[in-house]
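# Coordinate inspection notes
These are the residues of each chain, in order.
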Amino acid sequence: MTTNPHRINFFRSTRIFAHLPEAALREVIAGFRPRVYARHEILFLQGDEARNFYLMSAGRVRLYSISDQGREFTFFIVRARQAFDLPSVFDGKPHPVSASALSDTRVYVASLTHIQEMADRYPPLYRALARQLSAATRRIADIASDLALTDVATRLARLLLVSSQSQGEPTPEGILLTLDLSHSEIATLLGTAREVVSRTFRHMEREGLVLRTRRGILIRDELKLADIAHMRKKL
């Protein structure tokens, strides 16, 4: 079966599949199918049986959990070329989180059995999956540390600075960040309430650190924001 060259190039551009030999990559791709989700559509729920492996093509997906009290917490926002729900690849257990589309989204989907068989057959794929799972585990450890040891202002400053490194546009007035998240979505990322996020933004604006505009968030004083985030050495 002939594989679309554009699809081959897309899979080759991802971290997980980048280093597979050509024949192996084609075999892996043959097990994937494209699927489209509308904004707010649920891909799967925490505790559901894990049957598929997901690779983002376009859009954004939120991975989150809901407490017994109904409070939501967002662990990751997945974007193009990223895979998600990696723990199920290794243990086959139910989904540890829920996933919903934050925007109109396109993903490539393969059965969990297919990706497990391919990982067993091709060690470079197994190692790439393991590295991605390790990175996600470290990220969760960082999240837990932030929630336990830092306040909302620190967490928001870190989110803005880290996001600006990949999504920021330098301007004469500062760094313009198109952070395509609502205050409610930011709140679930920071483990707080929307009102607290709004109040923290207002305080940062009064201090001259940021300015919310129609185009996005303008970071006006990167160094002071880095002091709040305890990230000055990383800039």
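Shown above is the structure to which this text applies.
Summarised in this report is the structure supplied together with it. One numbering rule holds for all chains: residues counted from 1, following each sequence as written. Note on the predicted model: pLDDT of at least 70 is required for a residue's local features to be given, and 80 or more for side-chain atom pairs to be given and counted; whole-chain, interface and lining totals, by contrast, use all residues. Computation of side-chain values: all heavy atoms of the structure, hydrogens and water removed.

## Things to note about helix α2 (residues 22-29)
Keep this limit in mind: Only protein chains enter the calculation, and the probe is 1.4 Å; a residue is then buried if its accessible area is under 20% of its type maximum, exposed if over 50%, and partly exposed in between. Put simply, DSSP marks the helices as runs of H or I at least four residues long and the strands as runs of E at least two long, and each gets a number from the N terminus on. What the arc describes is the spread of directions from the helix axis to the C-beta atoms. The contact criterion used is simple: two residues touch if any of their non-hydrogen atoms lie within 4.5 Å.
Among all positions in α2, only A24, L25, V28 and I29 are buried. All buried residues of α2 fall inside an arc of 135 degrees around its axis, so they share one side. Packed against the buried residues of α2 are α1 (5-12), β1 (32-37), α4 (112-121) and α5 (123-149).

## Overview of the sheet that holds strand β5 (residues 72-78)
Formally: Think of it this way: DSSP has to see at least two bridges between two strands before they count as a pair. All axes are obtained by fitting lines to C-alpha atoms, using only the stretch in contact for helices, and the reported angles, taken between N-to-C directions, cover 0 to 180 degrees.
Spatially, the four strands line up as an open sheet ordered β2-β7-β4-β5, and their pairing is antiparallel. This sheet does not close on itself; its edge strands, each paired only once, are β2 (42-44) and β5. Sheet twist, expressed as the mean angle between neighbouring strand axes with direction ignored, is 30 degrees. Bridge count between β2 and strand β7 (residues 98-101): two bridges; the pairing is antiparallel. Bridge pairing in β7 links I42 to S100.

## Notes on the packing of α1 against α2
The condition that has to hold: In what follows, roughly perpendicular refers to angles from 65 to 115 degrees, roughly parallel to angles under 35, roughly antiparallel to angles over 145, and oblique to any angle outside these ranges.
Between α1 and α2, the least distance of the axes is 11 Å, while the angle of their chain directions is 105 degrees. Comparing the axis directions of α1 and α2 gives the class roughly perpendicular. In contact with R7, I8, F11 and R12 of α1, α2 contributes E22, L25, R26 and I29.

## Some remarks on the side chain of S98
Cut-off, in case you're wondering: Polar contact is defined as a pair of N or O atoms within 3.5 Å, subject to the rule that within protein one atom must be able to donate a hydrogen and the other to accept it, and that residues adjacent in sequence are counted only when both atoms are side-chain atoms.
The topology assignment puts S98 in strand β7. S98 gets classed as buried once you look at its relative accessible area, which sits at 6%. Only 2.8 Å separates the side chain of S98 from the backbone nitrogen of Q46, close enough to count as a polar contact.

## Some remarks on helix α7 (residues 183-190)
The element α7 is extensively covered by neighbouring structure, given that six of its eight residues are classed as buried. Within α7, the full set of buried residues consists of E185, I186, A187, T188, L189 and L190. Contacts made by the buried residues of α7 are with β4 (61-66), β5, α5, α6 (152-167) and α8 (194-206). Positioned one or two residues after α7, G191 has a phi angle of 70 degrees, which is positive.

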